[in-house]
Every structure is written in structure tokens, then in C-alpha cells.
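Commentary on secondary and tertiary structure
What follows is the residue order along each chain.
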There are 2 protein chains.
Amino acid sequence: MIGFVVVSHSKKLANEVINLCNKMKAYDFSIVNGSGKEGKELGSDPLVIKKAIESAYSKNGVLIFTDIGSSISNTEKAINLLNDNYDKEKIKIADAPLVEGPIIAMAINDGKTALDNIILELKELKKFNKTS
Amino acid sequence: MIGFVVVSHSKKLANEVINLCNKMKAYDFSIVNGSGKEGKELGSDPLVIKKAIESAYSKNGVLIFTDIGSSISNTEKAINLLNDNYDKEKIKIADAPLVEGPIIAMAINDGKTALDNIILELKELKKFNKTS
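Anyway, here's the lowdown on the structure attached to this text. (Residues numbered from 1 in each chain as written. Chains lettered and ligands numbered in written order. Predicted model: local features only at pLDDT ≥ 70, side-chain atom pairs only at ≥ 80, totals over all residues. Heavy atoms only, no water.)

Further remarks concern the packing of helix H1 (residues 11-24) of chain A against helix H1 (residues 11-24) of chain B. Close contact between H1(A) and H1(B) brings their axes to 9 Å; oriented N to C, the two are set at 160 degrees. Between H1(A) and H1(B), the angle is such that the two are roughly antiparallel. The handedness of the crossing between H1(A) and H1(B) comes out as left-handed. Residues A:Lys12, A:Leu13, A:Glu16, A:Val17 and A:Leu20 of H1(A) touch H1(B), and the partners they reach there are B:Lys12, B:Leu13, B:Glu16, B:Val17 and B:Leu20. Within the contact of H1(A) with H1(B), the residues separate by chemical class into 6 nonpolar, no polar and 4 charged. (Axes fitted to C-alpha atoms, helices over the stretch in contact; angles between N-to-C directions. Helix = DSSP H or I, 4+ residues; strand = E, 2+ residues; numbered from the N terminus. Parallel < 35°, antiparallel > 145°, perpendicular 65-115°, else oblique. Left-handed = near helix turned anticlockwise from the far one by under 90°. Contact = heavy atoms within 4.5 Å. Nonpolar A, V, L, I, M, F, W, Y, C, P; charged D, E, K, R; others polar.)

Structural data, given as C-alpha cells:
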């Protein structure tokens, strides 16, 4: 299974994304909160994100869901901080919304679908319009 | 000001989106939770959404942020249930992510920017890529 990491500006918000996924998910995989700063609820920190990636890591890969701005740039920094025990080719930021992304991705994270295929599916999600 | 409504499959998740917005927002406008069913945490209900729209309503309009599936279709039903006291032309579902959408929209909801302009700005957000 591919591990998921959720990086939001709000640790509590990321927690609720994870709770929703855990209630709805059909397959058993890790979803780890990489939000907040040490001792702080708001913001993000490369070291906190790095720990979350290490915790969610599997040989199939890790997919990281972010909200905006520093959540994305600090995730890039976190990936660069990982040591060679982690295959960085298999650790990817999802180009997908923080909530809608994991909901769609978890439906196909069945242990057989490769990281690249989930990323392709999420690219399709971007084309979906909520309004007609 | 334009009122916002947040409709997620999880009432607690929507609450944290609202908390984050309330902490970050520069302008004073309503953000109302339209998630959950009567007495239930998960799911959505046209009547719950309708009440939220009525509560967030202003003459400048209402912008509704949804996650996926029934959150969207139940919001469409809720809009149809509103009586003629509400100008339905000014009540719109945002074609934007549940979290990223309100964060971007609230930055320009200054009381001068029209609903249609915020909707255009959110269309631009769709073109943004989180990965290079």
C-alpha cells in the first residue's frame, strides 16, 4: 500500500481529513498528519513533515496532500532532508486538493495500483467541474 | 460582503475549515457550516444546507464550498428549496476545492469585489499546479 501524508496550515483540519478517510477507506494503509509546527497548531515545518513521511513510508511509496503556499514549499524541503534509506522517486506531492484528493486516491489505493497511476487519476480529478 | 457556506461529508472537518478561515481572514463576513445530517456527523442533507445558506445570505450573495458527490448534489437541491426572498442568481456553488477555495476567496472578499469576480478568481486557482 502507498502511505498518505496530510499537510495543512491547520493540524486539527488535517486530523479531520484523516478521520474522514479512516471512516471511509476500503483498504488498510497509513495516513499520517504532517501539519503544524513543534508545539503549535498553525503553520508547517519541514522537520514535522519529514517525520510524517518517514512514518507513512512504504516500499510502494508515499503520496503527500497539501493545502497552499508554505505547506507545499515546506514539503519540498522535507523531501530533500530525507536520507538515502528513503527512495525519493517514490515520495510525491499530489497535485490535488487537500480533501478531495485523498478521498479519490484512497478508493484506488488497493496495494496493486502503482503510485504513478494514482497520480494520473488525480490529474483527471482536476478536470472535474463542480458546477455545470 | 459575500457569505460563505462550507458543505463537507464531515461536519467536524467543515468546522475546522471555518476555524482556519476565521483565524486568517482579513475581512468580516459570515462562514456557516452546512454539513452533516440532523443529529449525524457524517453525510449531507438539503435542509441543513438550506438553513446554512439562509444564515449566510447577504444581498451581495453566497458562495458555497463543497467536497465531492452528494455534498454537491444536495447543495443543488438546497438552492432549489429556497423561497423567493433569496436571489438565487446570487447563490453559487464554487468550482473550487473545499479548503483551498475559501482560503483564496476570503482574501478578496472585501465588500467591493463582486461574486462573479470571486468565481473568476477561483477558476484561475484550478490552473495552479502544486507540483512542478
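What follows picks up the thread again.
Here chain A sits on chain B after a turn of 180 degrees about the axis and a move of 0.0 Å along it, with an RMSD of 0.0 Å. Given the turn and translation reported, the copies of this chain are related as if by a two-fold rotation axis. (Least-squares fit on C-alpha atoms with pLDDT ≥ 70 in both.)

This paragraph deals with the packing of aromatic side chains. Across all of its chains, the model carries 6 aromatic pairs over all chains by this definition. On the basis of an interplanar angle of 65 degrees and a centroid distance of 5.3 Å, the ring pair of A:Phe4 and A:Phe65 is categorised as edge-to-face. With A:Phe4 in strand E1 (residues 3-7) and A:Phe65 in strand E3 (residues 62-66), this residue pair connects regions lying 61 residues apart in the sequence. A:Phe65 carries the same exposure label as A:Phe4, and that label is buried. When the centroid spacing of 4.9 Å and the interplanar angle of 85 degrees are considered together, the rings of B:Tyr57 and B:Tyr86 count as edge-to-face. Here B:Tyr86 lies in the loop between helix H3 (70-81) and strand E4 (91-93) and B:Tyr57 lies in the loop between helix H2 (46-56) and strand E3 (62-66), a separation of 29 residues in the sequence. What makes B:Tyr57 partly exposed here is its relative accessible area of 23%. Linked through ring pairs, A:Phe4, A:Phe29 and A:Phe65 together constitute an aromatic cluster. Looking at A:Lys25, its charged tip hangs above the ring of A:Phe29, at a distance of 4.9 Å from the centre. (Phe/Tyr/Trp six-rings, centres within 6.5 Å; stacked < 30°, edge-to-face > 60°. Buried < 20%, exposed > 50% of the residue type's maximum accessible area, 1.4 Å probe, protein only. Lys NZ or Arg CZ within 6 Å of the ring centre and 35° of its normal.)

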